[in-house]
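# Fold and contact review
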Amino acid sequence: MSKNRCKKILIDILVILLGNLCIALAVAFFVIPNKLLVGGTAGIAVALNAFWAVPEEVVINVLVYSLFIAGAFVLGREFFFKTITSTLVYPVLLALATDLYKIIPIEYITMDTLTSIICAGVLVGFGIGIVYKRNASTGGMDIIPLIINKYTGIPLHILLMAVDCFT
């Protein structure tokens with residue numbers, strides 16, 4: 001493998017890690033503590049916790065891993081390699097961010113709903129954006145639109161919005 005190819009792969013991995021860190025921080029610091037209903041696995045986790053007291057982290061982990069397996073079977077080898085980093089790292093980053101949230105004094109983290117929505121939106125948007133820019137997936141609910149897109153040809157941005165709205 002050429003030196004430039006190795007450098008590109010390393011940069012891709014670092015950018016994907018940064019994107020997942022942004023998403024994990026948004027979920028741990030703003031979404032879960034404020035019980036914000038958002039699209040994706042975090043939104044489903046908050047909703048299930050409200051109805052059946054299922055821990056958010058458990059729901060997120062189960063969804064991330066099951067959707068990744070479904071995506072790997074349906075979308076193939078290229079999808080598998082582009083998404084494995086997010087799928088393996090995001091749950092770990094979320095656990096670390098959740099632990100970090102627990103040790104930081106609460107007055108340093110906003111509990112104002114509007115500010116939390118804005119902060120979560122910026123962090124999640126930035127995180128997903130830079131992961132997509134590297135032609136990778138975050139390994140969450142965006143796998144469903146990727147699968148539907150493969151078979152229907154409906155534009156991905158429309159499917160992403162539909163899945164998030166449904167969530």
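This text gives an overview of the structure that appears in the document. (Residues numbered from 1 in each chain as written. Predicted model: local features only at pLDDT ≥ 70, side-chain atom pairs only at ≥ 80, totals over all residues. Heavy atoms only, no water.)

### Looking at the pattern of salt bridges
Defined as follows: Salt bridge, as used here, is a side-chain nitrogen of Lys or Arg placed within 4 Å of a carboxyl oxygen of Asp or Glu. Each helix is a run of H or I in the DSSP string that is no shorter than four residues. Each strand is a run of E no shorter than two, and both are numbered from the N terminus. Burial status follows relative accessibility: with a 1.4 Å probe on protein chains alone, a residue under 20% of its type maximum counts as buried, one over 50% as exposed, and anything between as partly exposed.
Taken as a whole and judged by the stated rule, the model has three salt bridges. Put simply, R134 and D12 hold a salt bridge, and the shortest N to O gap is 3.0 Å. Of this pair, R134 sits in the loop between α5 (113–133) and α6 (143–152) while D12 sits in helix α1 (residues 3–31), and the two are 122 residues apart along the sequence. Overall, the relative accessible area of 32% leaves R134 in the partly exposed class. One connected set of salt bridges, linked through shared partners, spans K8, D12 and R134.

### Some words on α6
Those residues of α6 not exposed but buried are I143, P145 and I147. Just downstream of α6 lies G153, where phi reads positive at about 80°.

### Quick word on the packing of aromatic side chains
How we decide: Each pair of aromatic rings taken from Phe, Tyr and Trp, with Trp reduced to its six-membered ring, is defined by centres within 6.5 Å and is described as stacked if the planes are under 30 degrees apart, edge-to-face if over 60, and tilted in the remaining cases.
According to the stated counting rule, one finds four aromatic pairs in the structure shown. Ring plane angle 50° and centroid distance 6.0 Å describe the contact between F51 and W52, whose orientation is recorded as tilted. Of the two residues examined, F51 and W52, each falls in the exposed class. Ring geometry for F68 against F80: centres 5.4 Å apart, planes inclined by 40°, an arrangement best described as tilted. Pair noted here: F68 is in helix α3 (residues 56–75) and F80 is in helix α4 (residues 77–103), with a separation of twelve residues, a long-range link. Its relative accessible area of 31% is what places F80 among the partly exposed residues. Three or more aromatic residues link up through ring pairs in this structure, and these residues are F68, F79 and F80.

### Structural notes on the side chain of E56
Formally: Within 3.5 Å is the distance limit for a polar contact, defined as a pair of N or O atoms, with the added protein rule that one can donate a hydrogen and the other accept it, and that residues adjacent in sequence qualify only through two side-chain atoms. Residue contacts are counted whenever heavy atoms from the two residues lie within 4.5 Å of one another.
Within the secondary structure, E56 sits in helix α3. Overall, the relative accessible area of 10% leaves E56 in the buried class. Polar side-chain contacts of E56 include one of 2.9 Å to the side chain of K35. Those residues in contact with E56 that lie beyond four places of it in its chain are I32, K35, A45, V46 and N49.

### So, the packing of α1 against α5
Quick reminder of the rule: Here an angle of 0 to 180 degrees is reported between the N-to-C directions of two axes, which are lines fitted to C-alpha atoms, with helices fitted over the stretch in contact. Any angle that is under 35 degrees is reported as roughly parallel, and any over 145 degrees as roughly antiparallel; angles of 65 to 115 degrees are reported as roughly perpendicular and all others as oblique. Less than a right angle of anticlockwise turn of the near helix away from the far helix marks a crossing as left-handed, whereas a clockwise turn marks it as right-handed. Three classes are used: nonpolar for Ala, Val, Leu, Ile, Met, Phe, Trp, Tyr, Cys and Pro, charged for Asp, Glu, Lys and Arg, and polar for all others, with Gly counted as polar.
Packing of α1 against α5 leaves a shortest axis separation of 8 Å and a crossing angle of 160°. Comparing the axis directions of α1 and α5 gives the class roughly antiparallel. For the element pair α1 and α5, the recorded crossing hand is left-handed. The segment α1 lies against α5, with V15, I16, L18, G19, N20, C22, I23, L25, A26, F30 and V31 engaging S116, C119, A120, L123, V124, F126, G127, I128, I130 and V131. Its residues assigned to classes, the contact of α1 with α5 shows 17 nonpolar, four polar and no charged.

### As for the nonpolar core
Defined as follows: Residue types Ala, Val, Leu, Ile, Met, Phe, Trp, Tyr and Cys, when buried and joined through side-chain atoms within 4.5 Å, form a set referred to as a nonpolar core.
A24, V27, F29, V31, I60, Y90 and L94 are the most contacted members of the largest nonpolar core, which has 23 residues in total. Secondary-structure elements contributing two or more residues to this core are α1, α2 (40–52), α3 and α4. Here the element with the most residues in this core is α1; it accounts for eight residues. Contacts of A24, omitting those with residues within four sequence positions, involve Y90, L93, L94 and A97. Counting residues in each nonpolar core, the second largest holds seven residues, with M141, I143, I147 and V163 among its members.

### Observations concerning the environment of S116
Mapped onto the elements of the fold, S116 is located in helix α5. With 85 residues separating them along the chain, S116 and V31 place their C-alpha atoms 7.4 Å apart. Excluding anything up to four places from it in sequence, S116 contacts F30, N34, L36, T110 and M111.

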